[in-house]
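What follows is each chain in one-letter form.
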Amino acid sequence: MTRRILITGGTGQIGIELARQGWPGDVDLLIPTRGELDIGSAESVATWFAAHDVAAVINCAAYTAVDMAESEVEAAYRANATGPKLLAEASAQAGVPIVHVSTDYVFDGAKHGAYSESDPTAPLGVYGASKLAGERAVAAGNARSLILRTAWVVSAHRGNFLKTMLRAGAANTKLRVVADQIGCPTSARDVAEALRIVTLRMIEDVGTSAGLYHFVNAGEASWHGLATEIFAQAGMMVEVEAITTAEWPTPAKRPAHSRLSTAKIAADYGIRPRDWRAAVRDIVDEMMGADT
Ligand SMILES: NC(=O)C1=CN([C@@H]2O[C@H](COP(=O)(O)OP(=O)(O)OC[C@H]3O[C@@H](n4cnc5c(N)ncnc54)[C@H](OP(=O)(O)O)[C@@H]3O)[C@@H](O)[C@H]2O)C=CC1
Ligand SMILES: Cc1cn([C@H]2C[C@H](O)[C@@H](COP(=O)(O)OP(=O)(O)O[C@H]3O[C@@H](C)C(=O)[C@@H](O)[C@H]3O)O2)c(=O)[nH]c1=O
């Protein structure tokens with residue numbers, strides 16, 4: 001029997017990579033556009049679920065513009081809190097699991113070690129707060145839910161820091177990038193692989209571990225370190241000046257140290273991420289070889 005999996009956010013970085021994963025032959029991915037399924041609309045969600053039978057939901061749809069969220073609070077909460085709540089309730093009603101993607105920006109970044117799943121959250125901005133509200137709504141709305149927090153996602157698609165740097169580096173010989181925010185750069189493709197593994201286990205319900213998990217690529221970097229590595233791998237001669245957060249003012253405050261520990265997903269699912277530099281290498285190669 002065919003197992004249909006709903007993927008929301010299919011035009012986003014992680015959604016695109018999910019569609020490219022090697023899924024078992026009996027899996028059929030349903031990837032509606034936002035026009036076909038608007039997760040922030042109760043009517044749209046109800047209509048979509050009434051018309052489709054699914055074995056699981058993977059929610060990759062979100063409002064991800066961190067600075068704009070500070071002024072577009074309602075839009076951020078609609079996509080990041082109301083949407084996940086509606087999807088969790090609809091999937092629970094259908095008796096199927098939901099896998100939901102969240103972020104390191106639920107933390108305030110004051111911890112000097114890697115954050116584990118049991119660490120207290122304290123978002124600094126609207127984006128992080130709206131994502132935290134989404135996490136809570138998913139956990140409350142469907143007992144068969146798995147929330148996967150990731151961070152600093154890069155890919156050859158859509159908007160992300162890697163693409164911003166390649167574009168800025170092509171137009172400037174010198175850039176200024178903050179060096180006092182530390183995190184874990186992570187490939188959208190690797191997140192998609194982790195999502196595939198945990199979703200199939202959630203559907204099969206064999207030794208399944210629902211709950212909260214962290215997944216990021218191994219190692220750590222500052223935004224400055226990430227930019228420097230991107231230019232080195234792309235063979236671009238761009239001088240990257242290390243600056244402080246105070247020297248690059250933004251509407252949203254960002255965590256200073258948001259490294260995530262992946263010990264739990266390694267223990268429960270056997271997922272062991274590769275180093276972020278290898279992931280960046282693959283993306284730079286993809287972008288150099290293709291017209292994206
Ligand atoms: N990007 C990052 O650095 C990180 C992302 N995350 C999380 O990972 C997940 C995926 O992020 P990413 O792939 O980067 O996101 P993108 O910004 O690349 O894509 C967002 C997706 O959400 C869709 N979307 C937005 N609002 C709605 C809505 N109301 N109904 C249906 N679809 C909607 C967009 O559709 P459309 O094309 O129509 O706009 C798009 O497909 C999100 O939960 C995000 O919070 C976590 C950590 C880091
Ligand atoms: C473009 C640019 C940014 N910066 C700084 C601003 C900021 O502090 C930092 C990162 O910039 P960005 O705005 O691209 O990244 P940002 O949107 O904050 O990235 C976040 O997105 C959301 C969706 C997440 O969930 C997070 O995990 C994280 O990936 O780099 C510079 O210092 N120089 C520059 O030239």
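Cut-offs and rules
Residues numbered from 1 in each chain as written. Chains lettered and ligands numbered in written order. Predicted model: local features only at pLDDT ≥ 70, side-chain atom pairs only at ≥ 80, totals over all residues. Heavy atoms only, no water. Core = buried A, V, L, I, M, F, W, Y, C linked by side-chain atoms within 4.5 Å. Buried < 20%, exposed > 50% of the residue type's maximum accessible area, 1.4 Å probe, protein only. Helix = DSSP H or I, 4+ residues; strand = E, 2+ residues; numbered from the N terminus. Contact = heavy atoms within 4.5 Å. Near = heavy atom within 4 Å. Polar contact = N/O pair within 3.5 Å; in protein donor to acceptor, adjacent residues only side chain to side chain. Areas by Shrake-Rupley, 256 points an atom, 1.4 Å probe, with all protein chains shown as cover. Nonpolar A, V, L, I, M, F, W, Y, C, P; charged D, E, K, R; others polar. Pairing = 2+ DSSP bridges. Axes fitted to C-alpha atoms, helices over the stretch in contact; angles between N-to-C directions.

K.L.:
I keep staring at the nonpolar core and nothing clicks. Help me out?
P.N.:
The nonpolar side chains of a soluble globular protein tend to be buried, and buried together. Formed by 42 residues in total, the largest nonpolar core has its most connected members in Phe161, Leu162, Met165, Trp223, Leu226 and Ile230. Elements with a minimum of two residues in this core: helix 3 (73–94), helix 4 (126–141), helix 5 (161–171), strand 7 (174–178), helix 7 (223–234), strand 12 (239–243) and helix 9 (276–289). Those residues in contact with Phe161, other than ones at most four positions away along the chain, are Val177, Trp223, Leu226, Ala227 and Ile230. Val153, Ala188, Ala192 and Tyr213 belong to the second-largest nonpolar core, a separate cluster that totals 28 residues.

K.L.:
Looking at this structure, I do not really get the site of ligand 1. What am I missing?
P.N.:
In the region of ligand 1, 26 residues are neighbours, and Thr11, Thr64, Tyr127, Lys131 and Arg158 sit closest. Within the contact set of ligand 1, an oxygen atom lies 3.4 Å away from a backbone nitrogen or oxygen of Gly9. Coverage of ligand 1 by the protein amounts to 88% of the 910 Å² it exposes when considered alone. Where the shell around ligand 1 is concerned, the elements lending two or more residues are helix 1 (13–20), strand 4 (98–103) and helix 4. Counting residues per element, the shell around ligand 1 draws most heavily on strand 4, at three residues. Split by residue class, the shell around ligand 1 holds eleven nonpolar, ten polar and five charged.

K.L.:
Explain the sheet that holds strand 3 (residues 56–59) to me, please; I cannot follow it from the model alone.
P.N.:
Either a parallel or an antiparallel arrangement is found when strands of a sheet pair, and the pairing is made through backbone hydrogen bonds. One open sheet holds the six strands; their spatial order is 2-1-3-4-5-10, and the pairing between them is parallel. Strands with a single pairing partner mark the edges of an open sheet, and in this sheet they are strand 2 (27–30) and strand 10 (211–214). Between one strand and the next, the sheet's axes are offset by a mean angle of 20 degrees, whatever the strand orientation. Summarising the sheet, strand 1 (residues 3–8) and strand 2 pair through four bridges and their orientation is parallel. Opposite Arg3, over in strand 2, you have Val27 as the bridge partner. Packing of helix 3 onto the sheet brings it into contact with strand 1, strand 3 and strand 4, and relative to strand 4 it is tilted by some 160 degrees. Running over the sheet, helix 6 (residues 188–204) touches strand 1, strand 2, strand 3, strand 4 and strand 5 (145–150) and is turned about 170 degrees from strand 5.

Keep in mind that these numbers describe shape and distance, not what the molecule does.
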